[in-house]
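Here are the chains, one letter per residue:
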Amino acid sequence: MLGEESVDCGKVYVDGYANAVVNKLVPGITGALFSPSTTGLSPSVNYDPKYDYDKNKKPLDKSRLKVSDLNYVTINEKNGYIIIKLKANAKKGSSLPGMDSQGKLFTTFGSLKKTIDSMSIITFSKGTSKDNLSVNYKDGYAIIKINPKTMKIVSADYVLKIDVKLTHMNIAVIKDKTATTKVTFKTHFPASKKYLKNTKDIE
């Protein structure tokens, strides 16, 4: 089962206040950096099993999620289907697919350092992104719909949330400030035929 992706960067707050100048730039930055793709069910990183592995080159074709990775689980019945909602333990700092609580539930993105470094509009008055960037993977959830007759997943929605903080940031006329935002990455399974055709030419 392959999924379709979307990303949303929330309002950017500079020293605690929403900043109109920065928030006008966000859609363009997000659009330039995000290219919709498709993967298998989390924590998959590639739709092709040949390339679907973690940082240690171990396959990501099976779930690694354990009870100890979760801080919230509900199981309910609705219209004849089993509905499971999961929330993983928060993870401060880099999270990689299959390697920690967040990375076992979601297809996570590491420290986001490469992403920030690719934004030439952002510089720092002191240090580099390594010194000034912090991320916190928290508050995300997954809702999974299962057919009890076959015990197979019918559909699933994964909503990954990342709190991002930059200190000593310079952007446009703003100098040496602290900026915060929340990035939300959504994956819906199964992807539509149209989405797969448009993103990966899969029919």
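What the rule picks out here adds up to three aromatic pairs. When the centroid spacing of 6.4 Å and the interplanar angle of 80° are considered together, the rings of Phe-106 and Tyr-158 count as edge-to-face. Of this pair, Phe-106 sits in the loop between α2 (101–105) and α3 (113–117) while Tyr-158 sits in strand β10 (residues 152–171), and the two are 52 residues apart along the sequence. Of the two residues, Phe-106 and Tyr-158, neither departs from the other in class, the shared state being buried. Plain terms: the ring middles of Phe-109 and Phe-185 are 4.8 Å apart, the flat faces sit at 75° to each other, and that makes the pair edge-to-face. Highlighted residues: Phe-109 in the loop between α2 and α3 and Phe-185 in strand β11 (residues 174–189), separated in sequence by 76 residues. The side chain of Lys-85 reaches across the aromatic face of Tyr-141, ending 4.8 Å from its centre.

Tallying each qualifying case throughout the model produces eight salt bridges. Lys-182 is the partner of Asp-139 in a salt bridge, and the nearest nitrogen-oxygen pair spans 3.8 Å. With Asp-139 in the loop between β8 (133–137) and β9 (141–147) and Lys-182 in strand β11, this pair connects stretches of sequence that are 43 residues apart. According to the relative accessible area criterion, Asp-139 is partly exposed, its value standing at 37%. Here Lys-182 falls in the partly exposed class, since its relative accessible area comes to 28%.

Quick look at empty space enclosed by the protein now. With the rule as written, the count across this model stands at one cavity of 30 Å³ or more. In this structure, the largest cavity spans a volume of roughly 50 Å³. Lining the largest cavity are Ser-42, Phe-106, Thr-107, Tyr-158, Leu-160, Phe-185 and Thr-187. For the lining of the largest cavity, the secondary structure elements donating two or more residues are β10 and β11.

With that settled, the discussion passes to unusual backbone geometry. Of note, the amide linkage connecting Ser-42 to Pro-43 takes the cis form, showing an omega dihedral of 15°. Structurally, Pro-43 is set in the loop between α1 (20–33) and β4 (70–78). Residues Phe-189 and Pro-190 are joined by a peptide bond in cis, for which omega reads -5°. Here Pro-190 is to be found in the loop between β11 and α5 (193–200). Non-glycine residue Asp-15 carries a positive phi angle of around 50°.

Relative to the elements of secondary structure, Ile-84 occurs in strand β5 (residues 81–88). With 75 residues separating them in the primary sequence, Ile-84 and Val-159 have C-alpha atoms 14 Å apart. The residues touching Ile-84, leaving out its near neighbours within four places in the chain, are Thr-74, Ile-75, Ala-142, Ile-143, Ile-144 and Ile-146.

Conventions used here
In this convention, every chain numbers its residues from 1, walking through the sequence in written order. For this predicted model, a pLDDT threshold of at least 70 governs which residues receive local features, and a threshold of 80 or more governs which side-chain atom pairs are given and counted, while totals over whole chains, interfaces and linings are taken from all residues. The basis for the side-chain values is all heavy atoms of the structure; hydrogens and waters are excluded. Two aromatic rings, drawn from Phe, Tyr or Trp (for Trp, its six-membered ring), form a pair once their centres lie within 6.5 Å of each other, and the interplanar angle then sorts them: stacked below 30 degrees, edge-to-face above 60, tilted otherwise. Secondary structure elements are defined from DSSP: runs of H or I of at least 4 residues count as helices, runs of E of at least 2 residues count as strands, and each element is numbered from the N terminus. Using a 1.4 Å probe on the protein chains alone, a residue whose accessible area is under 20% of its type maximum counts as buried, one over 50% counts as exposed, and one in between counts as partly exposed. Placement of a positive charge over a ring is assigned whenever Lys NZ or Arg CZ falls within 6 Å of the ring centre and within 35 degrees of the normal to the ring plane. Whenever a carboxyl oxygen of Asp or Glu lies within 4 Å of a side-chain nitrogen of Lys or Arg, that contact is scored as a salt bridge. Definitions used for this entry: grid spacing 1 Å over protein atoms alone; cavity, a set of points where a 1.4 Å probe fits but cannot get out; pocket, an open set with protein on both sides within 12 Å along at least 5 of 7 lines; lining residue, one with an atom within 4 Å of a point. Grid points are joined across faces, edges and corners, and a volume is the space filled by probe spheres set on the points. The contact criterion used is simple: two residues touch if any of their non-hydrogen atoms lie within 4.5 Å.

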